[in-house]
Amino acid sequence: MRTPVVRALAFDHRTRAFGLARSLVALAELTVLVFTSDADLFPAVPNGPEGPRCDGLRALSLWCASSSPGSQTVLRFVVTGVLLIAASGYRPRWTCIPHWYATFSLAAVMHVPNGGENVARFLTLLLIPLCLADDRTWHWKRAATPLPAWWRGSAYTTHLVIRLQVVLVYGQAVWIKLAEHEWRNGSAMHHVMQDAYFGVNADLLPLLEWSILTSAITWGTILLETAIVVCVCGNPGLRRIGLVLAVVLHGGIVLALGLVSFGLVMISLVAAASCGRSAHSGAPDAPAARHDALTGRRFPRPQRKR
């Protein structure tokens, strides 16, 4: 049985799921910037400031650099450019910190950020140690060399923290749902889908009269979230199944309720938790040099001196 130390020293996160996670979380923020006006990003609220919120630590946001309309437009283009480069997958090592700062800057100053904005802010922060270990030109390319041993431990620890984040987010969601009577009796999604702001298209409203359908959707949501928690705690194969379940769950929410940015952020979170592969070897010193954890390609053993 392999010890945690051996797993850490054999860990390599540079898989397609890692690239998918970075690109999707950047695209999620892009959808907010491109399709949301300043008036909707920073709406007038009672006892609140006009424009971005810049009190306390929020003053570190890029949006607080200047309050003039012209400057706000320039800042929007700058942040959009940073997110486009991050979404493309170019130079993860050099773009990860600007990517986090752009995400933090937007989430921090919004008057009513949704749960997806907060998840994106923490996810891009947690991706920094993984990106700093990634010297590829594009995060879509196969790694040509093994991950250096000194990066494996930090990458593995960060990956465990991301998986823990998934467990906490989805576990809390399941717990809160089960505590409410509407979710237990299967009627919750009937009310959610009729919401004036987030509800389904009017053409689909007659389907909500089928209690069996709404009960199936209600309990299906709970079961999918529970399954994602279980899968993220498992081996790489189970984690990939968890990613598929997240795509099904949040893809359905996007189609039904139109929560595009939230859905992309949550899929990217589970993708980050599902990335990573270990070299198939046991010794903590040599295997990392003999295996590429992403491709499985075996490197030649060093020859002993006679």
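Residues numbered from 1 in each chain as written. Predicted model: local features only at pLDDT ≥ 70, side-chain atom pairs only at ≥ 80, totals over all residues. Heavy atoms only, no water.

A.B. asks: Could you give an account of the overall build of the protein, with specific residues and numbers?
C.D. replies: Each helix and strand counted, the protein has 13 helices and 2 strands in total. Going through the 306 residues of the protein one by one, you find that 42% of them count as buried. For the protein, restricting intrachain contacts to residue pairs at least 6 apart in sequence, the fraction spanning at least 24 positions comes to 75%. Of the accessible surface of the protein, which amounts to about 15900 Å², a share of 67% is contributed by carbon and sulfur atoms. (Helix = DSSP H or I, 4+ residues; strand = E, 2+ residues; numbered from the N terminus. Buried < 20%, exposed > 50% of the residue type's maximum accessible area, 1.4 Å probe, protein only. Contact = heavy atoms within 4.5 Å. Areas by Shrake-Rupley, 256 points an atom, 1.4 Å probe, with all protein chains shown as cover.)

A.B. asks: Got a sec to walk through the nonpolar core? Specific residues and values, please.
C.D. replies: By size, the foremost hydrophobic cluster in this structure holds 39 residues, and its most contacted members are Leu 127, Ile 162, Val 166, Tyr 170, Ile 228, Leu 269 and Val 270. If one sorts the elements of this core by residue count, helix α12 (residues 260-274) sits on top with 9 residues. If near-sequence neighbours (up to four positions away) are discounted, Val 166 is found in contact with Gly 171, Ile 228, Val 232, Leu 269, Val 270 and Ala 273. If you look at the next biggest cluster of nonpolar residues, it comprises 17 residues, including Leu 30, Leu 83, Val 109 and Met 110. (Core = buried A, V, L, I, M, F, W, Y, C linked by side-chain atoms within 4.5 Å.)

A.B. asks: Mind laying out the packing of aromatic side chains, listing which residues take part and the relevant values?
C.D. replies: Inspection of every chain in the model, using the stated rule, returns 6 aromatic pairs. Ring centres of Phe 11 and Tyr 156 lie 5.4 Å apart, and the angle between their planes is 65°; on these two criteria the pair is classed as edge-to-face. One end of the pair, Phe 11, is in strand β1 (residues 11-12); the other, Tyr 156, is in helix α7 (residues 149-179), with 145 residues separating them in the sequence. For Phe 11, a relative accessible area of 2% translates into the label buried. (Phe/Tyr/Trp six-rings, centres within 6.5 Å; stacked < 30°, edge-to-face > 60°.)

A.B. asks: Lay out the packing of helix α11 (residues 236-257) against α12 in plain terms, naming residues and giving numbers.
C.D. replies: α12 packs onto α11 with a crossing angle of 180° between their chain directions and a minimal axis gap of 9 Å. Relative to α12, the element α11 lies roughly antiparallel. Contacts between α11 and α12 involve Arg 239, Arg 240, Gly 242, Leu 243, Ala 246, Val 247, His 250 and Val 254 from the first element and Val 260, Phe 262, Gly 263, Met 266, Ile 267, Val 270, Ala 271, Ala 273 and Ser 274 from the second. Here the contact of α11 with α12 is built from residues that sort into 11 nonpolar, 4 polar and 2 charged. (Axes fitted to C-alpha atoms, helices over the stretch in contact; angles between N-to-C directions. Parallel < 35°, antiparallel > 145°, perpendicular 65-115°, else oblique. Nonpolar A, V, L, I, M, F, W, Y, C, P; charged D, E, K, R; others polar.)

A.B. asks: Provide a residue-level description of the state of the cysteines, including the pertinent values.
C.D. replies: A full pass over the atoms with the stated rule returns 1 disulfide. No disulfide involves Cys 275; its sulfur sits 9.8 Å from that of Cys 131, the nearest cysteine. On the accessibility criterion, Cys 275 (0% relative accessible area) is buried. (Disulfide = S-S within 2.5 Å.)

A.B. asks: Account for the packing of α7 against α12, with residues named and values stated.
C.D. replies: In contact at an axis separation of 8 Å, α7 and α12 are set at 135° when each is read in the N-to-C sense. Comparing the axis directions of α7 and α12 gives the class oblique. For the element pair α7 and α12, the recorded crossing hand is left-handed. Between α7 and α12, the residues in contact are His 159, Ile 162, Arg 163, Gln 165, Val 166, Val 169 and Tyr 170 and Met 266, Leu 269, Val 270, Ala 272, Ala 273 and Ser 274, respectively. Residue composition of the contact of α7 with α12, by class: 9 nonpolar, 3 polar and 1 charged. (Left-handed = near helix turned anticlockwise from the far one by under 90°.)

A.B. asks: Hey, could you go over the side chain of Arg 136 for me, with residue numbers and the actual values?
C.D. replies: Structurally, the position occupied by Arg 136 is in the loop between α6 (115-132) and α7. Overall, Arg 136 belongs to the buried group, its relative accessible area being 7%. In this structure the side chain of Arg 136 is engaged in a polar contact, spanning 3.3 Å, whose partner is the backbone oxygen of His 139. Among the polar contacts made by the side chain of Arg 136, one reaches the main-chain carbonyl oxygen of Lys 141 at a distance of 2.6 Å. If sequence neighbours within four positions are ignored, Arg 136 has contacts with Arg 14, Phe 18, Arg 91, Pro 92, Lys 141, Arg 142 and Ala 143. (Polar contact = N/O pair within 3.5 Å; in protein donor to acceptor, adjacent residues only side chain to side chain.)

A.B. asks: An account of α7 is requested, with residue identities and associated values reported.
C.D. replies: Between its terminal C-alpha atoms α7 stretches 45 Å, which fits the 45 Å expected from 31 residues at 1.5 Å a residue. Buried within α7 are the following residues: Arg 152, Ala 155, Tyr 156, Thr 158, His 159, Ile 162, Arg 163, Val 166, Tyr 170, Ala 173, Val 174 and Lys 177. (Expected span 1.5 Å × (residues − 1).)

A.B. asks: Describe the environment of Tyr 90, and please don't skip the residues or the numbers.
C.D. replies: Tracing the sequence through the fold places Tyr 90 in the loop between α4 (69-88) and α5 (92-109). Here Tyr 90 falls in the partly exposed class, since its relative accessible area comes to 36%. In sequence terms Tyr 90 and Arg 136 are 46 residues apart; their C-alpha atoms lie 8.3 Å from each other. Apart from the residues lying within four places of it in its own chain, the contact partners of Tyr 90 are Ile 85, Thr 95, Thr 137 and Trp 138.

In short, the description is geometric, and any link to function would need to be established separately.
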